[in-house]
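# Structure assessment
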Amino acid sequence: MNTLHPKIAEVLTQTFKVPAEDIRPDSTMDSLEMDSLAVAEFAVIIKEHLGVDADADKLYKDATLAEISAFIGGAAMSGRR
Amino acid sequence: MTQVDMSVAVTGMGMVTPAGADEETFWAGLCAGRSTARRQDELAGLPVDFACAVEGLDLDEAVGGRSVWRMARFVKLALIAARQAVADAGLSPAEWDGGRVGVVLGVGVGGVSVLIDGARKLDARGPDAVSPLLVPMMIPNAAAGEVAIALGARGPSMAPATACASGAGAIALGRDLLATGQCDVVVAGGAEAVLTPLVVTAFARMGALSRRTADPAGASRPFAADRDGFVIGEGAAVVVLERTADVRARGGRSRALLAGTGSTTDAYHPTAPGPNGTVAQAAVAAAVHQAGWRPDEVGHVNAHGTSTPLNDAMEAGLISRLFPHRPPVTAPKGVVGHTLAAAGAIEAVATVLTLERGVIPPIANLDALPFDYDLDCVTKEPRVQQVETAVSHSFGFGGHNVALAFRRA
């Protein structure tokens, strides 16, 4: 999977100041230096904008951005969770 | 009494104010004597729609790094000012022993806009919309905590919340931490950023703010007969304090000596100053006494001067009783408004600059001193006058009184 959900890159770069060049499908929140508070806040923002509910620790903390993108894309398409 | 070295110097200063976010711009703004108050879009339609805001500075860019998302505005202001102060002192967090560095940052209110935003989201969209960062972002000690992280300062850290005396109280506490040997370096000051519709309206409802909505720039007029309240502002200022012996040993530069501090509490009323200002006067007298001066040796007063009818009458009486020799008086709130917890720190920085430069900035919007006190207020133009000693007053809701006594280095 080469294309990430556009909201992921937008939130990571604009809110969390992650350098755009670091945002790759195989990046993880850990590799992007997103600590647990940042990941929790990321989940709130994704929920706010896309309506996707997720347990940040379970679904985002250790996943790759490709996996997160697939989850967000699927959840958003199936009308939330 | 234990023998302690009570001689403490200001070795670095940083400030982010409505008049400027660097020393030269800030000083030029004070000396110009023009108010920075103007209408704010966010306050449109409210009973008081003007304030003194920090403008023209991209706070996120100035803070830099990856952590700005978790910082409320007052924390960003504090961090920018703290970094300026440490750099000005010629110190480097990469080189100092962080265990000997303290941080004392006074904040009166904290991240109230974070709280309001969270309350609205909870009401509108439920618990899942509430940021997990709400509490760590809004607590007043977030400024001290983030500054300690940024500077690797692992000594004592504190966040005095004594309203408009917080910034001066923090500097006084910083001196105590040095004098008692708990720290070798203290980063001390105050920060506040509450120019939100709720807080501004609340201050307006209690009658504390000027209602001069047709003339915002003329609204903050400390000691003027027709003053009608303060103009709310935002900002931060931070000083680096060290024992003078340590400054000499490292070949550093003392910008001024913090010769004494004094603190008292009115124990009278939640918001009104105590009758006749006698308890506030005791704080000023204590600072002068600790400095080892007679009152008639005080060369300059940097007044709290909020432009409220009650404060300025109380303070004018205090000054004329304690200092009948008429030292020149200024009041920076005419220019920068009342920045609440930041005010005492901003005024401490202004006082040090007056001692260094031999110039006393004028009080904005004060044409003449019309009431019954015999004060030598500096008006209209900066006054070139080398003073050797100065006191700065801060008084806060809750009855907190703090005075700082500075001597020229």
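Residues numbered from 1 in each chain as written. Chains lettered and ligands numbered in written order. Predicted model: local features only at pLDDT ≥ 70, side-chain atom pairs only at ≥ 80, totals over all residues. Heavy atoms only, no water.

### Let's talk about the overall build of chain B
How we decide: Comment: elements are numbered from the N terminus, with helices defined as DSSP H or I runs of at least four residues and strands as E runs of at least two. Note on method: radius of gyration uses C-alpha positions; expected globular size equals 2.2 Å times residues raised to 0.38. Shrake-Rupley sampling with a 1.4 Å probe provides the accessible areas, and residues are treated as covered by the protein chains on show and by no other component.
Check the secondary structure of chain B and you find 13 helices and 15 strands. Rg of the C-alpha trace for chain B: 20 Å, near the compact-globule value of 22 Å for 409 residues, within the 12% margin. Along the first, second and third principal axes, the C-alpha set of chain B runs to 65 × 50 × 40 Å. Accessible surface, chain B: about 14,900 Å² in total, of which carbon and sulfur atoms supply 53%.

### Describing the interface of chain A and chain B
This is how the line gets drawn: Contact definition: two residues touch when any of their heavy atoms are within 4.5 Å. Two parts lose some accessible area (1.4 Å probe) when they are put together, and adding that loss for both gives the buried area. When a carboxyl oxygen of Asp or Glu lies within 4 Å of a side-chain nitrogen of Lys or Arg, that pair is called a salt bridge. Contacts described as polar in this section are N or O atom pairs within 3.5 Å, which, within protein, must combine one atom able to donate a hydrogen with one able to accept it, while residues neighboring in sequence count only if both atoms come from side chains. In this classification, Asp, Glu, Lys and Arg are treated as charged, Ala, Val, Leu, Ile, Met, Phe, Trp, Tyr, Cys and Pro as nonpolar, and every other residue, Gly included, as polar.
Counting residues at the interface gives 17 residues for chain A, matched by 14 residues for chain B. Buried area between chain A and chain B, both sides added, is near 1,200 Å², and the carbon and sulfur share of it is 57%. Connecting chain A to chain B are four salt bridges. Joining chain A to chain B, the criterion identifies five residue pairs in polar contact (both at pLDDT 80 or more). A class-by-class count of the residues in the side of chain A that touches chain B yields nine nonpolar, one polar and seven charged.

### Points about the sheet that holds strand β6 (residues 185–192) of chain B
Residue and element names in this part refer to chain B. Rules: Pairing between strands is defined by DSSP: at least two bridges between them are needed. Structural elements are reduced to axes, namely lines fitted to C-alpha atoms, with helices fitted over the stretch in contact, and the angle between N-to-C directions of any two is expressed from 0 to 180 degrees.
Within the open sheet, the eleven strands sit side by side as β5-β4-β6-β7-β1-β8-β15-β14-β9-β10-β12. Their pairing is mixed. At either end of the open sheet lies a strand with only one pairing partner, and these are β5 (157–158) and β12 (376–377). On the sheet, helix α3 (residues 73–88) packs against β1 (8–16), β4 (101–106), β6 and β7 (235–243) and is oriented at approximately 135° with respect to β1.

### Digging into the confidence of the model for chain B
Defined as follows: Per-residue confidence from the prediction method is given by pLDDT, with values spanning 0 to 100.
Taken over all residues, the pLDDT of chain B has a mean of 96, while the share at 70 or more is 98%. In the predicted assembly, ipTM is 0.82 and pTM is 0.95.

### Describing the nonpolar core
What counts, and what does not: Throughout this description, the term nonpolar core refers to a set of buried Ala, Val, Leu, Ile, Met, Phe, Trp, Tyr and Cys residues connected via side-chain atoms within 4.5 Å. Throughout, exposure labels follow a simple rule: accessible area from a 1.4 Å probe, protein chains only, divided by the maximum for the residue type, with under 20% read as buried, over 50% as exposed, and the rest as partly exposed.
Membership of the largest hydrophobic core comes to 67 residues, with the highest contact counts inside it found for Leu12(A), Met34(A), Phe42(A), Tyr60(A) and Val187(B). Per element, the largest residue contribution to this core is ten residues, and it comes from α3(B). Setting aside residues no more than four positions away along its own chain, Leu12(A) makes contact with Lys17(A), Val18(A), Ile23(A), Met29(A), Leu32(A), Met34(A), Phe42(A) and Leu65(A). If you look at the next biggest cluster of nonpolar residues, it comprises 45 residues, including Ala170(B), Ala345(B), Leu353(B) and Val378(B).

### Overview of the packing of helix α1 (residues 6–14) of chain A against helix α2 (residues 36–50) of chain A
All names here are of chain A. Let me state the cut-off plainly: Working rule for angles: under 35 degrees goes down as roughly parallel, over 145 as roughly antiparallel, 65 to 115 as roughly perpendicular, anything else as oblique. Note: crossing handedness is left-handed where the near helix turns anticlockwise from the far helix by less than a right angle, and right-handed where it turns clockwise.
Where α1 meets α2, the closest approach of the two axes is 11 Å, and the angle between their N-to-C directions is 130°. Here α1 lies oblique to α2, going by the angle between them. Considering only the axes of α1 and α2, their crossing is right-handed. Where α1 abuts α2, its residues Lys7, Ile8, Val11 and Leu12 lie against Phe42, Ile45, Ile46, His49 and Leu50. Partitioning the contact of α1 with α2 into residue classes produces seven nonpolar, one polar and one charged.

### Focus: the packing of aromatic side chains
Quick note on the threshold: Between the rings of Phe, Tyr and Trp (Trp by its six-membered ring), a pair exists once the centres lie within 6.5 Å; its type follows the angle of the planes, with under 30 degrees stacked, over 60 edge-to-face, and the other angles tilted.
Counting across every chain of the model gives five aromatic pairs over all chains. What links up through ring pairs into an aromatic cluster is the set Phe42(A), Tyr60(A) and Phe71(A).

### Overview of the environment of Leu134(B)
All names here are of chain B. Tracing the backbone shows Leu134 in helix α5 (residues 134–138). Judged by its relative accessible area of 13%, Leu134 falls in the buried class. Separated by 17 residues in the primary sequence, Leu134 and Asp117 have C-alpha atoms spaced 9.1 Å apart.

### Here's the deal with the pattern of salt bridges
Residue and element names in this part refer to chain B. Summed over all chains, the structure comprises 32 salt bridges over all chains. Here Glu24 makes a salt bridge to Arg357, at a shortest N to O gap of 2.7 Å. One end of the pair, Glu24, is in helix α1 (residues 23–32); the other, Arg357, is in helix α13 (residues 343–357), with 333 residues separating them in the sequence. Arg357 sits in the partly exposed class, given a relative accessible area of 30%. A salt bridge links Arg100 to Asp184; the nearest nitrogen and oxygen atoms lie 2.9 Å apart. With Arg100 in the loop between α3 and β4 and Asp184 in the loop between α7 (166–179) and β6, this pair connects stretches of sequence that are 84 residues apart. A network of salt bridges, in which partner residues are shared, links Glu23, Glu24, Asp88, Arg253, Arg255, Glu356 and Arg357.

### Overview of α2(A)
Residues and elements named next belong to chain A. How we decide: Multiplying 1.5 Å by the helix residue count minus one yields the expected span of that helix.
Compared with an ideal rise of 1.5 Å per residue, which puts 15 residues at 21 Å, α2 spans 21 Å between its outermost C-alpha atoms and is within 8% of the ideal. For α2, the capping residue at the N-terminal end is Asp35, with a side-chain oxygen 3.2 Å from the backbone nitrogen of Leu37. The positive-phi residue at the C-terminal boundary of α2 is Gly51, with phi of around 75°.

### Re the confidence of the model for chain A
Of all residues in chain A, 91% have pLDDT values of 70 or greater, and the mean over the chain is 87. The weakest mean pLDDT in chain A belongs to helix α3 (residues 56–60) of chain A at 82; the strongest belongs to α1(A) at 94.

### Here's the deal with the domain arrangement of chain B
All names here are of chain B. Here is the rule: Residue ranges labeled as domains rest on an automatic or database domain assignment.
One can read the domain layout of chain B as domain 1 (8–249) and domain 2 (260–408). Computed from C-alpha coordinates alone, the two centres of domain 1 and domain 2 are separated by 20 Å. Contact residues are listed per partner, giving 62 residues for domain 1 and 59 residues for domain 2. Here domain 1 and domain 2 share an interface that buries about 4,600 Å² over both sides, 72% of which is from carbon and sulfur atoms. Among the residues domain 1 hides against domain 2, the three largest losses belong to Trp27, Cys164 and Phe223. Together they make up 20% of the total. Summed over the shared surface of domain 1 and domain 2, the number is three salt bridges.

### Quick look at the packing of helix α10 (residues 278–291) of chain B against helix α11 (residues 309–322) of chain B
All names here are of chain B. In contact at an axis separation of 10 Å, α10 and α11 are set at 50° when each is read in the N-to-C sense. Here α10 lies oblique to α11, going by the angle between them. Viewed along their axes, α10 and α11 form a crossing whose handedness is right-handed. Side by side, α10 and α11 meet where Thr278, Ala280, Gln281, Val284 and Ala285 of the first sit next to Met314, Leu318, Arg321 and Leu322 of the second.

### Section: the layout of surface pockets
Heads up, the rule is: In this analysis, the protein atoms alone were mapped onto a 1 Å grid. Cavities are point sets where a 1.4 Å probe fits without being able to get out; pockets are open sets with protein on both sides within 12 Å along at least five of seven lines; lining residues have an atom within 4 Å of a point. Grid points are joined across faces, edges and corners, and a volume is the space filled by probe spheres set on the points.
The calculated volume of the largest pocket comes to roughly 700 Å³. Together, 34 residues line the largest pocket, and Met71(B), Ala72(B), Ser113(B), Val114(B) and Met137(B) are the ones closest to its centre. When contributions to the lining of the largest pocket are tallied by element, the ones reaching two or more residues are α2 of chain A together with α3, α4 (112–125) and α5 of chain B. The element best represented in the lining of the largest pocket is α4(B), accounting for five residues. For the lining of the largest pocket, the class distribution of residues is 17 nonpolar, seven polar and ten charged. A volume near 420 Å³ is recorded for the second largest pocket. In terms of lining, the second largest pocket is formed by 30 residues, of which the most central are Thr271(B), Pro273(B), Thr308(B), Asn311(B) and Phe397(B). Secondary structure elements with two or more residues in the lining of the second largest pocket: α11, β14 (389–396) and β15 (400–408) of chain B.

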